[in-house]
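Structural overview for review
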Amino acid sequence: MEEYKAHNKRQSSTDIAPLVPPSDAEDISAKTVGYLDSSDDTEFIQTSEVSNKSDSNANLDTLIQTTFNPDFNAIPPAPGVGGDQLATDKNADLQTTEVALTVEELLQLAMANNPTLQQALAVINKAQGIKKQVGLYPNPTIGYQGQEIGADGTSGKQGGYISQTIVTGNKLSLNQAVADYDIQQLQWELETQKYRVRNDVQSQFFASLGAEQRVKLSFQLEKIAEEGVEIASKLFDSGEGARPDILQAEVQLGEIRIIRQNAEYDHEAARKQLASLVGRPELTEAPLSDVLNNKSTDLTWEESYQQLQTNSPELQAAYAKVSRAREQIFRQESQNIPNLMAQIGVARDNETGDDIANVQVGIPLPIFNRNQGNIDMAAAEYHRSLGDVERLQLSLQVRLAAAFRDYQKAKKQVEQYQQDILPKAKENLDLTSQGYRQQQFDFLRVLTARRTYFETNIKFIRSLVDLRQAEVAVSGLVLSGGLSNVRDISQGVGGVGNRGQALSGQ
């Protein structure tokens with residue numbers, strides 16, 4: 001326990017002002033991924049030359065190492081709630097019927113409307129209330145006392161008293177110091193939830209764009225299939241074609257129409273999911289700014305890993321938990337200092353006519369209970385929280401490795417489709433269709449060329465969506481769950497149990 005006793009007694013952290021949700025939307029434009037620029041919605045298959053680098057998130061101080069020094073408080077301060085603005089105007093008027101929504105606008109709406117962020121703020125408020133309560137001094141007790149009533153036919157000694165528990169060992173201040181780290185951990189969890197909301201909104205934004213482009217592609221293919229039926233019919237009427245060619249063309253047209261209908265259903269569901277994440281269900285029909293084909297962001301493993309280890313709010317919350325556990329050790333050690341219980345009373349002895357006073361002072365003797373078990377338990381929790389930091393560091397690396405693998409695969413696929421596969425599929429369809437008109441190819445080859453062209457473009461769209469979503473995951477610190485339940489803090493956490501100990505003296 002000597003390593004814990006070497007702790008520099010420090011003052012309790014400055015109280016955080018009560019949370020009042022600000023009115024202005026948070027400026028999140030600097031934290032969005034750089035490829036989210038608008039582009040013209042022209043031909044379906046195109047590659048924008050717009051190139052942007054994603055802005056890095058706000059730099060945080062260097063994190064503590066896994067070989068944690070209990071005397072070194074290297075945890076950077078938690079993000080201040082007052083400056084962590086969440087917009088509250090849930091009815092912001094956007095010209096959604098005329099102007100395409102950008103991802104930045106959707107993110108601002110999500111910061112104002114996503115209920116998980118308001119929940120996280122409410123939990124911080126709850127923890128601040130707990131901190132205030134655990135530091136309050138105990139109330140005195142005032143009462144009446146009567147003794148020897150009826151002695152010699154008199155009313156005996158009649159009077160009153162006042163008693164007070166004097167809390168020693170700085171226990172109440174240490175209670176608040178423990179609660180401070182609960183608040184700090186919750187503030188980092190709020191920051192974590194913001195990343196989850198941002199990442200989910202961006203990811204679903206690209207999923208919606210991909211679904212929209214699949215609808216456009218299916219309409220194009222439906223038009224091609226209709227022209228194929230028309231060509232087969234003309235060739236049959238002129239005696240140069242066969243009736244089975246017409247039937248095959250009509251079958252393919254029917255299948256493409258089913259695919260188009262399914263694409264429309266997928267698009268409708270994707271837009272509803274996006275609107276739900278934003279917290280504005282009415283935005284399902286608003287047009288979106290098409291940036292799916294913008295140039296990809298160049299990411300490297302080294303930079304992504306360093307950004308994750310430096311900026312992860314999950315890690316910061318884990319570090320705050322370590323400091324909380326360390327502070328709890330000092331709090332439990334102070335419990336061994338007994339409280340002073342004082343009582344003073346005054347009375348009138350109606351038998352003798354004298355005014356008398358009495359004083360009582362006492363302390364519990366820490367002979368059997370020196371809080372040994374709670375100190376050992378706090379020390380074990382400290383070492384467990386250290387292990388949790390190491391576990392989280394490894395878990396983050398595993399999650400980043402999977403996300404970066406998806407990014408590399410999708411990036412390479414998109415490049416191959418753009419540079420080689422798509423041009424050849426388009427050329428093959430054009431040549432085959434022209435050759436069929438001139439009776440150089442049979443209709444089976446035409447059907448095969450159409451199916452290849454369609455499947456190639458669908459795979460290209462999926463690769464594009466996968467690439468954008470992988471970029472979001474890597475740049476967004478591999479966080480997701482924009483509508484996941486927010487962790488609550490129970491009333492037994494944050495030092496409430498410590499307060500009971502402080503007042504009981506046991």
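In short, a report on the structure. This one's a predicted model, so the numbers in the text were calculated from it and none came from an experiment. (Residues numbered from 1 in each chain as written. Predicted model: local features only at pLDDT ≥ 70, side-chain atom pairs only at ≥ 80, totals over all residues. Heavy atoms only, no water.)

1. Here we look at the overall build of the protein
Rules: The way it works is that DSSP assigns letters per residue, a run of H or I at least four long becomes a helix, a run of E at least two long becomes a strand, and they are numbered from the N terminus. Accessible area is worked out with a 1.4 Å probe on protein chains only. A residue is then buried under 20% of its type maximum, exposed over 50%, and partly exposed in between. Contacts were defined at the residue level, with two residues in contact if any of their heavy atoms lie within 4.5 Å. All accessible areas in this document rest on Shrake-Rupley with a 1.4 Å probe, and a residue is counted as covered only by the protein chains that are shown.
For the protein, the count of helices and strands is ten helices and four strands. The N-to-C order of helical and strand elements in the protein reads α-α-α-β-β-α-α-α-α-β-β-α-α-α. The proportion of buried residues among the 506 residues of the protein is 46%. Counted over contacts in the protein with a minimum sequence separation of 6, partners at least 24 positions apart contribute 85%. Only carbon and sulfur atoms are counted for the fraction: they give 51% of the accessible area of the protein, which is about 25,100 Å².

2. Some words on the pairing of strand β3 (residues 340-349)
Rules: Strands are treated as partners if at least two bridges between them are detected by DSSP.
Relative to β3, strand β2 (residues 157-166) runs antiparallel, the two sharing ten bridges. Bridge assignment links G159 to a residue of β3, and that residue is A347. In the sheet, β3 pairs with strand β4 (residues 354-362) via nine bridges, with the strands oriented antiparallel. Looking across to β4, one finds that M341 is bridged to G362. Between the antiparallel neighbours β3 and β4 lie four residues, among them G353 with a positive phi of about 80 degrees.

3. Side note on the nonpolar core
One broad rule of soluble globular proteins: the nonpolar side chains tend to lie buried together. The criterion, for reference: Buried residues of nine kinds, namely Ala, Val, Leu, Ile, Met, Phe, Trp, Tyr and Cys, make up a nonpolar core once their side-chain atoms join them within 4.5 Å.
Among the nonpolar cores identified, the biggest contains 87 residues, and L106, V201 and F205 are the most heavily contacted of them. For this core, the secondary structure elements donating two or more residues are α2 (103-113), α3 (115-134), α4 (171-237), α5 (243-278), α7 (313-334), α8 (372-437) and α9 (443-475). At 18 residues, the largest contribution of residues to this core is made by α8. Excluding residues that lie within four positions of it along the chain, V201 makes contacts with L106, L107, A110, L274, L277 and V278.

4. Brief notes about the pattern of salt bridges
Counted only if it meets this: Note on definitions: salt bridges are taken to be side-chain nitrogens of Lys or Arg within 4 Å of carboxyl oxygens of Asp or Glu.
A full pass over the atoms with the stated rule returns 25 salt bridges. The shortest N-O distance in the salt bridge between E264 and R260 comes to 3.8 Å. Note that E264 and R260 are positioned in helix α5 at a spacing of four residues, about one turn of the helix. Residue classification places E264 among the partly exposed residues on the basis of a relative accessible area of 29%. Close ionic contact of D420 with K424 constitutes a salt bridge, the shortest N to O distance being 2.9 Å. Of this pair, D420 and K424 are both found in helix α8, four residues apart, which corresponds to roughly one turn of the helix. Since its relative accessible area comes to 53%, K424 is described here as exposed.

5. Here's the deal with a nonpolar patch on the surface
The criterion, for reference: For patches, a residue must show more than 30% relative accessible area and have no salt bridge; joins then use 9 Å for like charges and 5 Å for nonpolar side chains, namely Val, Leu, Ile, Met, Phe, Trp and Tyr.
There is a patch of nonpolar side chains on the surface, built from I142, I162, I344, V359 and V361 and spanning about 510 Å² of accessible area. When you line up the elements, I344 lands in strand β3.

6. A look at the packing of aromatic side chains
Any aromatic ring pair is given by two values, namely how distant the centres are and how the planes are angled relative to each other. The criterion, for reference: Note on aromatic contacts: the rings of Phe and Tyr and the six-membered ring of Trp form a pair at centre separations within 6.5 Å, being stacked when their planes are under 30 degrees apart, edge-to-face when over 60 apart, and tilted otherwise.
This structure, assessed with the given rule, holds five aromatic pairs. Arranged with centres 5.6 Å apart and planes meeting at 75 degrees, the rings of F205 and F206 form a pair that is edge-to-face. Among the residues examined, F205 registers a relative accessible area of 0% and is labelled buried. A relative accessible area of 0% means that F206 is categorised as buried. Look at W301 and Y305: their rings are 5.8 Å apart centre to centre, the planes differ by 15 degrees, and that puts the pair in the stacked class.

7. Some points on α2
Along α2, eight of the eleven residues are buried, which leaves the element largely enclosed by surrounding structure. Buried within α2 are the following residues: V103, L106, L107, L109, A110, M111, A112 and N113. Buried residues in α2 make contact with α3, α4 and α5.

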